[in-house]
Structures are given as C-alpha cells and as structure tokens.
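# Results of the structural survey
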Amino acid sequence: MRRVSSRVEAVDGGRVRMGGRWLISLSSNNYLGLTQHPRVIAAAQESIARYGTGSGSARLIGGNLPPHEELEQELARFKQAEDCLLFSTGYMANLGVVTALVGPGDLVIGDRLNHASLIDACRLSGAAFRVYPHGDARRLEEALRRRRGHYRRTLVVTEGVFSMDGDLPPLREIAETARRHDAWLLLDDAHGTGVFGPGGRGSLEHFGIRPEGILQMGTLSKALGSLGGYLAGPRVVVELLRNRARSFIYTTALPPGCAAAALEGLRVLQSEPDLRRRLWENVRIWTAGLRGLGLDLISDAGPIVPVRVGSNRETMALAQALEEAGLYAPGIRPPTVPEGSARIRTSLTALHTEQEMGQALEAFRKVFSGSTLVSR
Ligand SMILES: *Cc1c(COP(=O)(O)O)cnc(C)c1O
C-alpha cells in the first residue's frame, strides 16, 4: 500500500485539525508540549529578529552564532558531558558520528530494532556491521567476545528508549559490556531526553549510570520542541567530530531560531518539572486504560505506547476506524517495524487533558471491541 502523509491544518494542545475536523493526536513526540510553549516561541522569535531566519553557511566557514555556542554548552552541562556538537537533525548526527568514528577494519554492532538513521549510518561507515537481538546484553557479550579481537575499533549502538516499541534496553549491562570489551557506546536518546530520569536528563539518569565515556546522541526535535541533533561526550571525541563528521562540516548550520528554541526548551524543562509530572500522570492513565480494555501493549514503560496488531491490513483498517472516531493514532508497518509486528503506535504528551484521554479510550473501546485483539 502506498504511504501518504496527512495534511494537518492547525495544531492546538493535544489536538490537530485534519480535513476540517479536530482530532485528538496520539502521534507526536512533542512530549512536553514545548513547541507551543510561550517562552520557547518568544525565544525563537527574538533570535530570528536578531540573527535572521537562516545561518547562511556551514559553521566551519561562516562561524558560530551565540545560540549555537550557548546551546552546546548547556546541552553538555545537562548531559553531564565534557563537550557537545550540534548537527542540523538527529538523523544527520547519527550519520556524522558513526561514519567519523568507524570505517573499514572496524566493527559496529547494534540492537536489531535500532532506528533507520542508525542503520543507515552503520552501513555507510564501511565498518563490519552486526546486530544483536533486541535488548539482549548477553548476546552482545557473546558477539563481542567472538569478534572484538579481529577489529581495530568497535562501536556498540543502541537507543535509550526505542522509538517504535517504547521500551528501554538493559542499559547498565550494555554499557558494562561495551566497556569490558574496549568498545565505544553510542546511545541514541532521542526519546529519553526530557522524559526519563528524575531531572529529565534521559535514560542514563533513569538507570543511574554515570555518563563518563558514553557518546550521548540526541535530537532537539522531540521533547525539546525544535529541530536539530547533537552528540554530547568526551572532549576528544567531540573535537574529532568537529573535524571529521561530514554531515556537520558540509551542511549549513542549524537556523538560529531553532537553536534558540531548543535552548529555551532545555531551560523550561528544567525550571518547570510540572510538565514532566503531567506527562507521566498521562502515561499512567493511558496505559491503565488500554490495559483495562484488554489490549496487548508492546510497552507501557513511557509515553510511547504501541498496541500490538500483527497484520498490516488490519492495522491500517484500525487506524482508519480510529480516525473516523476522532483520533489520530498512526498504524506502523514494515519496514519501519519487523514483518508481522504491525501496530498502532500511540504517544502521549503533557498537553493531553484528562477529558481528551477519556475520549481517546472510548474511541479505542469502540474500534477494538469485536476484534480478536481484545483478550478476556
Ligand atoms: C527521531 C529519531 C532520530 C532522528 O532525529 P531527527 O532530529 O528527527 O532527525 C534518530 N534516532 C531516533 C531513535 C529517533 O527516534
């Protein structure tokens, strides 16, 4: 079936208008609602008024603007890393980091469910590329024991919170395994940052893992409410990336408005912990509600809550029926997820009201009742 993307005419809180109808949106990664936060909007506007709408050239040619430098410093501090480098998107951060660190003669080994940007980066690097079963630290250990000695450098790659499954890997075991085998660990915390950990610092903080030596990749486009990617880590690695990451060197710098929005978003998420508290309260209500309907949740560990369906055709029919019932919750099919594991992926934000979640649960009840997917 051909893929289409729907037209969104307006956005308001947890809802979007499509085809003239307001739908409750369960599709956004804007976990804290920062894209609509008055302070974040004002910071972007001010920065655009001062520096213009675009950066004009690449950083190594045209120089850094103050929002780039301030954001890199604050991200490094927030991630408890020595240094940080911005990229124009998270996708480009992954491409640039992996291809700068490993190449022919090296090994890169990643979780089987890693995001497409990581898979593309691993392939492009020219390093030997292996995968281990999802979240399986023991199989990672085995693979490293067998192979590590044959390669010069080794990079282990995992997400902190998996984007299509919503679950977290056993990160402590994975970090220790990588360390034991003298391998770098690249942690893609696109969905962890701003959401997990007592201070919203991400999956490392959630597990209480010290960030020293870990390469923390993230995006500004999810909880931070803007656009852009970054790598926070040891100074020597960041310095190497500044000189070698092609997706940093050969592209125009992030627009100042995006950098300023992300910087303000980072400040808001630290000064308004209530946003995170509301998000987690919504997660609790939503997962309890879906479980109460007898649905099979792939994960209930955080704001990404995918409902298992299986068949592609049934998934798309259910997504369509949900839309008719007033909900926008996309069906996710292969190749985004493995064959036979199509699902309805729901994601919650701090902006969803209790009333909206009640309506959304009612829509799920109506649409799934009578389907074989409901247990009991
Ligand atoms: C969204 C995402 C990216 C890409 O980030 P963008 O800033 O949207 O390019 C990378 N990795 C993961 C796990 C993601 O979910």
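Residues numbered from 1 in each chain as written. Predicted model: local features only at pLDDT ≥ 70, side-chain atom pairs only at ≥ 80, totals over all residues. Heavy atoms only, no water.

Attention shifts here to the environment of Lys 366. Along the polypeptide, Lys 366 turns up in helix α14 (residues 354-368). Assessed through its relative accessible area of 52%, Lys 366 is described here as exposed. A sequence separation of 182 residues divides Lys 366 from Trp 184, and the C-alpha atoms of the two residues are 48 Å apart. (Helix = DSSP H or I, 4+ residues; strand = E, 2+ residues; numbered from the N terminus. Buried < 20%, exposed > 50% of the residue type's maximum accessible area, 1.4 Å probe, protein only.)

Right, let's get into the environment of Leu 348. Relative to the helices and strands, Leu 348 is located in the loop between β14 (342-347) and α14. On a C-alpha basis, the gap between Leu 348 and Leu 26 in space is 6.1 Å, while along the polypeptide they are 322 residues apart. If near-sequence neighbours (up to four positions away) are discounted, Leu 348 is found in contact with Leu 26, Tyr 31, Leu 279, Asn 282, Trp 286, Pro 303, Val 305 and Met 357. (Contact = heavy atoms within 4.5 Å.)

Because each turn of an α-helix spans 3.6 residues, side chains separated by three or four positions end up pointing in the same direction. Within helix α9 (residues 235-244) the residues assigned to the buried category are Val 237, Val 238, Leu 241 and Arg 242. Projected down its long axis, α9 carries its buried residues within an arc of 140°, all on one side. In this structure, α9 carries Val 236 and Asn 243 as exposed residues pointing more than 90 degrees from its buried face. (Arc of directions from axis to C-beta.)

What holds strands together in a sheet is hydrogen bonding between their backbones, with the strands either parallel or antiparallel. Overall, mixed pairing links the four strands, which are arranged β1-β2-β3-β12 in an open sheet. Of all the strands in the sheet, just β1 (10-12) and β12 (327-328) have a single pairing partner and so form its edges. Alignment of strand β2 (residues 15-18) against strand β3 (residues 21-25), held across four bridges, turns out to be antiparallel. Opposite Val 16, over in β3, you have Leu 23 as the bridge partner. (Pairing = 2+ DSSP bridges.)

Relative to the helices and strands, His 181 is located in the loop between α7 (171-180) and β8 (184-188). Between the alpha carbons of His 181 and Gly 326 there is a distance of 51 Å; along the sequence they are 145 residues apart. Residues in contact with His 181, not counting those within four places in the same chain, are Glu 141, Leu 144, Arg 145 and Arg 148.

Moving on: the nonpolar core. Of all hydrophobic cores here, the largest spans 60 residues; its most connected members are Trp 286, Leu 290, Ile 344, Phe 364 and Phe 368. Element by element, the count of residues in this core is highest for helix α11 (residues 256-271), at eight residues. Shared between two domains, this core holds at least three residues of each, these being domain 1 (10-30 + 273-368) and domain 2 (38-271). Look past the residues within four positions of Trp 286 in its chain and what remains in contact with it is Leu 26, Val 305, Thr 346, Leu 348, Met 357, Ala 360, Leu 361 and Phe 364. Among the nonpolar cores identified, the runner-up in size contains 26 residues, and Phe 87, Ala 93, Leu 101 and Val 108 belong to it. (Core = buried A, V, L, I, M, F, W, Y, C linked by side-chain atoms within 4.5 Å. Domains from an automatic or database assignment.)

A few words on the sheet that holds β14. As summarised here, the arrangement of the three strands in space is β11-β14-β13, forming an open sheet in which the pairing is antiparallel. What marks the edges here is a single partner per strand, and that holds for β11 (304-310) and β13 (331-332). Inspection of the sheet shows β11 paired to β14 by six bridges, in the antiparallel sense. Of the residues in β14, the one forming a bridge with Val 305 is Thr 346. In the packing of helix α13 (residues 312-324) onto the sheet, contacts are made with β11, β13 and β14, and the angle to β14 comes to roughly 35°. (Axes fitted to C-alpha atoms, helices over the stretch in contact; angles between N-to-C directions.)

On domain assignment, one finds that the chain holds domain 1 (10-30 + 273-368) and domain 2 (38-271). Centre-to-centre, using C-alpha coordinates, domain 1 lies 27 Å away from domain 2. A combined buried area of about 1,500 Å² lies between domain 1 and domain 2, and 60% of that area is made up of carbon and sulfur atoms. When the area that domain 1 buries against domain 2 is broken down by residue, the three leading residues are Asn 29, Arg 276 and Ile 304, summing to 35%. For the interface between domain 1 and domain 2, the tally reads one salt bridge. The shortest N-O distance in the salt bridge between Arg 343 and Asp 165 comes to 2.9 Å. Applying the counting rule to domain 1 against domain 2 returns seven residue pairs in polar contact (both at pLDDT 80 or more). Among the elements of the structure, α12 (273-292), β11 and β14 are those that each provide at least two residues to the side of domain 1 that touches domain 2. Among the residues making up the side of domain 1 that touches domain 2, the classes are represented as twelve nonpolar, five polar and three charged. (Buried area = accessible area lost by both parts, 1.4 Å probe. Salt bridge = Lys/Arg side-chain N within 4 Å of Asp/Glu carboxyl O. Polar contact = N/O pair within 3.5 Å; in protein donor to acceptor, adjacent residues only side chain to side chain. Nonpolar A, V, L, I, M, F, W, Y, C, P; charged D, E, K, R; others polar.)

Our focus in this paragraph is the packing of aromatic side chains. The final tally for this structure, using the stated rule, is four aromatic pairs. When the ring of Phe 87 is compared with that of Phe 248, the centres are 6.1 Å apart and the planes differ by 70°; the resulting orientation is edge-to-face. Highlighted residues: Phe 87 in strand β4 (residues 83-87) and Phe 248 in helix α10 (residues 246-249), separated in sequence by 161 residues. For the residue pair Phe 87 and Phe 248, the accessibility class agrees, reading buried in each case. Ring geometry for Phe 196 against Trp 280: centres 5.1 Å apart, planes inclined by 85°, an arrangement best described as edge-to-face. Remark: Trp 280 occurs in helix α12 and Phe 196 occurs in the loop between β8 and α8 (203-207); sequence separation between them is 84 residues. Trp 280 sits in the partly exposed class, given a relative accessible area of 30%. (Phe/Tyr/Trp six-rings, centres within 6.5 Å; stacked < 30°, edge-to-face > 60°.)

A large share of β14 lies buried, amounting to six of its six residues. In β14, alternate side chains face the same way, and those of Ala 342, Ile 344 and Thr 346 on one face and Arg 343, Arg 345 and Ser 347 on the other are all buried. The pairing of β13 with β14 spans two bridges and is antiparallel. Bridge pairing links Gly 331 to Ile 344 in β14.

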